[in-house]
Structure formats: structure tokens, C-alpha cells
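Geometric and topological summary
Here is how the chains run, residue by residue.
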Amino acid sequence: MTQLTEPDVGDDVVLLTVPADGGYLGVLRTATAGLAARLHFALDEIEDLRIAVDEACAMLLAIATRNAELECRFAVTDDALTVEVTVATVRGARLPSESSFAWKVLTALTTSAAAEATGRHATIRLLTRRTEF
């Protein structure tokens, strides 16, 4: 999987933690849309990012431990939004390969997508840069 890097120190960061349950994904989608709107993303860009966050979370929910929490970190810069979602995983859990349909969706809807899985946690990071008009 692609290596994750930290956003710049000067970024605005929003942390949001919800139960790792599909019923709470609407909270993350709404937060994503609100932050993207703050950056003046186009409506299509906002919707693409909401779908990408939903897809990333679905990947993580499939390998989450029982009673886990999704930790979502939004880093806001002048022209980009980075969404990093992390969850505690079951032993031996693996994310879909970068050639899978799910990854094709993520890379089509964002500027870049990366993942990292350790023995205990998995993280997916999505970066979307605002299109200049």
C-alpha cells in the first residue's frame, strides 16, 4: 500500500470519532461536505468526496473489530481537504488491493488515495484538491 504522509503543521484539523457502524457514516459524510463547502469546492467535487469517504469507511467497517470506533481526521488547507479514517482491525485483516474496484472508485473521486494497515489498525487517507476555475 502507499505510504501516508502528515499534512503541514499549519493546517486546520478537525477530529471526529464515531462508532464503527454504518448508521454513523452520515455524520462523516456531512462533516466532509461542510468542510469541502468551506473551501469553496464545486458541488460535484463535494459529492465525489462524500462518496469517496463513504467507500473508504465501508472498506474499514468490513475489517473492524467489534465495538470499534472510526477515527476521522480532516486536515484543511487553502486549496485541499485531506480525510484520514482509522479503525482498529481484526487479526489478519487486509484492505482491498489497489487494483480492486473499491480502490478504482477512490482514486477516480479524489486527487489521491493511500492506505496503511498494521497488525492492529488500518488507515485510509484521501486527498482532494479544489479545482481552479
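Calculation criteria
- Residues numbered from 1 in each chain as written.
- Predicted model: local features only at pLDDT ≥ 70, side-chain atom pairs only at ≥ 80, totals over all residues.
- Heavy atoms only, no water.
- Helix = DSSP H or I, 4+ residues; strand = E, 2+ residues; numbered from the N terminus.
- Buried < 20%, exposed > 50% of the residue type's maximum accessible area, 1.4 Å probe, protein only.
- Contact = heavy atoms within 4.5 Å.
- Core = buried A, V, L, I, M, F, W, Y, C linked by side-chain atoms within 4.5 Å.

Note on placement: Glu84 falls in strand S3 (residues 80-88). Here Glu84 falls in the buried class, since its relative accessible area comes to 13%. C-alpha separation for the pair Glu84 and Asp48, spaced 36 residues apart in sequence, amounts to 16 Å. If sequence neighbours within four positions are ignored, Glu84 has contacts with Glu71, Cys72, Arg73, Thr123, Ile124 and Arg125.

Here we come to unusual backbone geometry. The backbone of His40 sits at a positive phi, close to 65 degrees, despite the residue not being glycine. In this fold, His40 is placed in the loop between helix H1 (25-38) and helix H2 (43-61). In this structure, Asn67 is a non-glycine residue whose phi angle is positive, near 65 degrees. With a relative accessible area of 73%, Asn67 lands in the exposed category.

Okay, the nonpolar core next. Formed by 39 residues in total, the largest nonpolar core has its most connected members in Leu28, Leu60, Leu70, Leu81, Leu106, Ile124 and Leu126. Listing elements by their share of this core, those giving two or more residues are H1, H2, strand S2 (69-76), S3, helix H3 (101-109), strand S4 (112-117) and strand S5 (121-129). Sort the elements by how many residues they give to this core and H2 lands first, with 8 residues. Setting aside residues up to four positions removed in sequence, Leu28 forms contacts with Leu16, Val18, Val53, Cys57, Leu70, Cys72 and Phe74.

Shape is all these values report; function is a separate question.
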